[in-house]
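Chain and residue survey
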Amino acid sequence: IDIGEKMNDLFRKWAPTAEVGFSLGTISTPVLPLRNSITSFDAKFDGDKLELDNFLITSGTSKVGFRGTVSGLEPVLLGRRNPQLNAIVTIHSRLLNLNELLAALQAGSELAPHAVEDKEYVIDGLENAEEKLDFSAVIIPSNLNANLTVDIDSVRYSKISVGDFTSRIRMRDRCLQLTNTS
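About the cut-offs
Residues numbered from 1 in each chain as written. Predicted model: local features only at pLDDT ≥ 70, side-chain atom pairs only at ≥ 80, totals over all residues. Heavy atoms only, no water. Patch = residues over 30% accessible without salt bridge, like charges linked within 9 Å, V, L, I, M, F, W, Y side chains within 5 Å. Areas by Shrake-Rupley, 256 points an atom, 1.4 Å probe, with all protein chains shown as cover. Salt bridge = Lys/Arg side-chain N within 4 Å of Asp/Glu carboxyl O. Helix = DSSP H or I, 4+ residues; strand = E, 2+ residues; numbered from the N terminus. Buried < 20%, exposed > 50% of the residue type's maximum accessible area, 1.4 Å probe, protein only. Contact = heavy atoms within 4.5 Å. Core = buried A, V, L, I, M, F, W, Y, C linked by side-chain atoms within 4.5 Å. Phe/Tyr/Trp six-rings, centres within 6.5 Å; stacked < 30°, edge-to-face > 60°. Pairing = 2+ DSSP bridges. 1 Å grid on protein atoms, 1.4 Å probe; cavity = no way out; pocket = protein on both sides within 12 Å on 5 of 7 lines; lining within 4 Å. Points joined across faces, edges and corners; volume = space filled by probe spheres on them. Nonpolar A, V, L, I, M, F, W, Y, C, P; charged D, E, K, R; others polar.

Turning our attention to a nonpolar patch on the surface. Judged by side-chain polarity, M7, L10 and W14 come together as a nonpolar surface patch covering roughly 360 Å² of accessible area. Counting through the fold element by element, L10 comes out in helix 1 (residues 5–14). Since its relative accessible area comes to 39%, L10 is described here as partly exposed.

Shown next, in the form of structure tokens:
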């Protein structure tokens, strides 16, 4: 992540810290052109660590909650060589519609290079998307060391619908390992 020379200098001098909380927000981006809303956000940041106490987001028909810690941010933001980013996160979702999210990301990748104004890019009605999804492999960054605990009531992917999906996911050294999956 390159935040620029001036931002690097400010980050070094100021050592930012913050506590942020709000109960309602909207995210509009052509990268994920769905209706995205945040219904809860409580976080603390100390310059090197982000603690998410509560982060609930709805993107299209998917509703996902996050809780956890991401550390090692300072060296990443300052552009130091070989920084290690560590994360311990719990993810809960009533519904994770991967068909809709992947279709929106695919549409967003086609929109993102073009200038768009006034939320023209927001797409409604992708909840039934499952055809024509064309994606390459997901590349896990070599500097990411993450432990995720996942608990999802319902997952939709392609023509498959899975109920009560739980797993522990370990990401390290560009590899992803799922354990205790049911």
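Here the narrative resumes, following the displayed structure.
Moving on, we get to the pattern of salt bridges. In the structure shown here, the tally under the stated rule is 2 salt bridges. One salt bridge connects K49 with E51, and the closest N-O pair in it is separated by 3.6 Å. The partly exposed category is assigned to K49, whose relative accessible area is 29%. Judged by relative accessible area, which is 27%, E51 ranks as partly exposed.

A separate point is the side chain of S167. Relative to the elements of secondary structure, S167 occurs in strand 8 (residues 160–172). For S167, the contacting residues outside a window of four places in its chain are L148, T149, V150, L178, T179, N180 and T181.

For the rest of this paragraph, the subject is the side chain of S40. Take S40: it is sitting in strand 3 (residues 36–45). Leave out the neighbours within four places in its chain, and S40 touches F22, S23, N54, F55 and L56.

In this structure, L148, V150 and M171 are the most contacted members of the largest nonpolar core, which totals 30 residues. Where this core is concerned, the elements lending two or more residues are strand 3, strand 4 (49–59), helix 2 (73–77), strand 6 (85–97), helix 3 (98–111), strand 7 (144–157) and strand 8. Per-element accounting of this core gives the leading share, 6 residues, to strand 7. Discounting residues that sit within four places of it in the chain, M171 has contacts with I140, L144, N145, A146, L148 and L176.

Let's shift gears to the packing of aromatic side chains. Counted by the stated rule, this structure contains 3 aromatic pairs. Their ring planes at 25° and their centres at 5.2 Å tell us that F22 and F41 sit as a pair that is stacked. With F22 in strand 1 (residues 18–22) and F41 in strand 3, this residue pair connects regions lying 19 residues apart in the sequence. According to the relative accessible area criterion, F22 is partly exposed, its value standing at 33%. Chaining the aromatic ring pairs together yields one cluster made of F22, F41, F55 and F66.

The next subject is the pairing of strand 9 (residues 175–179). Sheet topology note: the strand 8/strand 9 ladder contains 5 bridges and is antiparallel. In the strand pairing of strand 9, M171 is matched with L176. Where strand 8 hands over to strand 9, the hairpin turn is made up of 2 residues, of which D173 adopts a positive phi near 50°.

Let us now look at unusual backbone geometry. One non-glycine residue, D164, adopts positive backbone phi at about 50°. Take D164: it is sitting in strand 8. For D164, a relative accessible area of 56% translates into the label exposed. Its identity is not glycine, yet R174 carries a phi of approximately 65°, on the positive side. Along the chain, R174 falls in the loop between strand 8 and strand 9. Owing to a relative accessible area of 52%, R174 belongs among the exposed residues under this scheme.

Taken as a whole, the largest pocket encloses approximately 1300 Å³ of empty space. Lining of the largest pocket is provided by 33 residues; of these, I91, L96, L98, L148 and I169 occupy positions nearest its centre. Mapped by element, the contributors of at least two residues to the lining of the largest pocket are strand 4, strand 5 (62–71), strand 6, helix 3, strand 7, strand 8 and strand 9. Its residues placed into classes, the lining of the largest pocket shows 31 nonpolar, 2 polar and no charged. Approximately 170 Å³ is the volume attributed to the second largest pocket.

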